[in-house]
Amino acid sequence: MGCAVVETPLPHPVLEWPYGGLDLDKLRESGWHPSPFDEFVLKIHSRCNLACDYCYMYELADQSWRDQPRSMSRAVVKATARRVAEHARRHKIDSVRVILHGGEPLLAGADLISFLARAFRTALGPGIRLDLRAQTNGALLSSAIVNIMRESDIRVSISLDGDRTANDRHRRTRRGEASYDAVDARLGSAP
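Summary of the structure given here.

1. Here's the deal with the packing of aromatic side chains
For step 1, the next point in the chain: Evaluation of the coordinates by the stated rule reveals zero aromatic pairs.
For step 2, the next point in the chain: Between the NZ or CZ atom of Arg-74 and the centre of the ring of Phe-115, over which it lies, the distance is 4.4 Å.

Laid out in structure tokens, this is it:
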């Protein structure tokens, strides 16, 4: 005995995320309106000094980083700063947050980081506040980097995976060494 499959059309199309179940008309009626971007994450260096075994980018299937330039060029920094400033002015945004990311952003070096801070402040001008931050694993902190971060008013976040044991289980250097003590030493010697 055979089996027949009958497809019943739905009263309206089923939309996939992010629009499935999202009623924009109701949202707008309730007073909601879209907000322009005011936070930007910049991958200023495409390599990393650690070899975390869970890293999808450097240790697992995604190896596209191998074809990318190592550091963001100064021309790209200036163009990005200009476009962020245009966006902020167009949407009357009085403050933007820019987060330096990577790979490991400190691999870009103190000179490029300093240049980037100046380029963004110049492009944004006095009317738009820049909240500049960096997300780093901390293993490359140096006096030069810390001084540039202070001079450039860049807030720094250090990522660790917990205490020494938890961190060193997965966050190893490219040579297979533990990374916690290196970060701890760098933080302890920061000027």
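Here the narrative resumes, following the displayed structure.
2. Observations regarding the environment of Cys-48
For step 1, the next point in the chain: For Cys-48, the position within the fold is in the loop between strand 1 (39-43) and helix 2 (74-90).
For step 2, the next point in the chain: Taking the C-alpha atoms as reference points, Cys-48 and Glu-104, separated by 56 residues in sequence, lie 4.8 Å from one another.

3. Some remarks on the nonpolar core
For step 1, the next point in the chain: Ranked by internal contacts, the top residues of the largest apolar core, which has 34 residues, are Val-96, Leu-100 and Ile-113.
For step 2, the next point in the chain: Ranked by the residues each element gives to this core, the list is headed by helix 3 (residues 109-124), at nine residues.
For step 3, the next point in the chain: Aside from chain neighbours lying at most four places away, what touches Val-96 is Asp-38, Phe-40, Val-84, Ala-88, Leu-124, Ile-128, Arg-129, Leu-130 and Asp-131.
For step 4, the next point in the chain: The next biggest cluster of nonpolar side chains, apart from the first, holds seven residues, and it includes Cys-48, Cys-52, Cys-55 and Met-57.

4. Here we look at the pattern of salt bridges
For step 1, the next point in the chain: Evaluated as defined, the whole model comprises seven salt bridges.
For step 2, the next point in the chain: Its salt-bridge partner being Glu-86, residue Arg-83 comes within 3.2 Å of it at the nearest N-O pair. Separated by three residues within a single helix, Arg-83 and Glu-86 lie in helix 2, roughly one turn from each other.
For step 3, the next point in the chain: By relative accessible area, Glu-86 is classed as partly exposed at 32%.
For step 4, the next point in the chain: Connected via shared salt-bridge partners are Glu-39, Arg-97, Asp-131 and Arg-133.

5. Thoughts on the layout of surface pockets
The probe, sized like a water molecule, is rolled over the atoms to show the empty space still left.
For step 1, the next point in the chain: Roughly 420 Å³ of internal volume is contained in the largest pocket.
For step 2, the next point in the chain: Lining the largest pocket are 18 residues; nearest its centre among them are Cys-48, Cys-55, His-101, Gly-102 and Gly-103.
For step 3, the next point in the chain: Partitioned by chemical class, the residues of the lining of the largest pocket number eight nonpolar, seven polar and three charged.
For step 4, the next point in the chain: Estimates place the volume of the second largest pocket at around 150 Å³.
For step 5, the next point in the chain: Forming the walls of the second largest pocket are Asn-49, Leu-50, Ala-139, Leu-140, Thr-173, Arg-174, Arg-175, Glu-177, Ser-179, Ala-182 and Arg-186.
For step 6, the next point in the chain: Looking at the lining of the second largest pocket residue by residue, the class counts come to four nonpolar, three polar and four charged.

About the thresholds
- Counting restarts for each chain: residues are numbered from 1 in the order of the written sequence.
- Side-chain atom pairs in this predicted model are given and counted only at pLDDT of 80 or more, local residue features only at pLDDT of at least 70, and totals for whole chains, interfaces and linings cover all residues.
- Based on all heavy atoms of the structure, the side-chain values leave hydrogens and waters out of the count.
- A pair of aromatic rings is counted whenever rings of Phe, Tyr or Trp (Trp by its six-membered ring) have centres within 6.5 Å, and the orientation is called stacked for planes under 30 degrees apart, edge-to-face for over 60 and tilted otherwise.
- Only when the NZ of Lys or the CZ of Arg is both within 6 Å of the ring centre and within 35 degrees of the ring normal is a charge said to sit over the ring.
- In DSSP terms, a helix is any run of H or I states spanning at least four residues, a strand is any run of E spanning at least two, and both are numbered starting from the N terminus.
- Within this scheme, the nonpolar core is defined by two criteria: the residues are buried Ala, Val, Leu, Ile, Met, Phe, Trp, Tyr or Cys, and they are joined through side-chain atoms within 4.5 Å.
- The classification of residues rests on relative accessible area computed with a 1.4 Å probe and restricted to protein chains. Under 20% of the type maximum is buried, over 50% is exposed, and intermediate values are partly exposed.
- Whether two residues are in contact is decided by their heavy atoms: any pair within 4.5 Å suffices.
- Throughout this description, the term salt bridge denotes a Lys or Arg side-chain nitrogen within 4 Å of a carboxyl oxygen of Asp or Glu.
- We place a 1 Å grid over just the protein atoms. Points where a 1.4 Å probe fits but has no way out form a cavity, open points with protein on both sides within 12 Å along at least 5 of 7 lines form a pocket, and any residue with an atom within 4 Å of a point lines it.
- Grid points are joined across faces, edges and corners, and a volume is the space filled by probe spheres set on the points.
- For this scheme, ten residues count as nonpolar: Ala, Val, Leu, Ile, Met, Phe, Trp, Tyr, Cys and Pro. Four count as charged, namely Asp, Glu, Lys and Arg, and the remainder, Gly too, count as polar.

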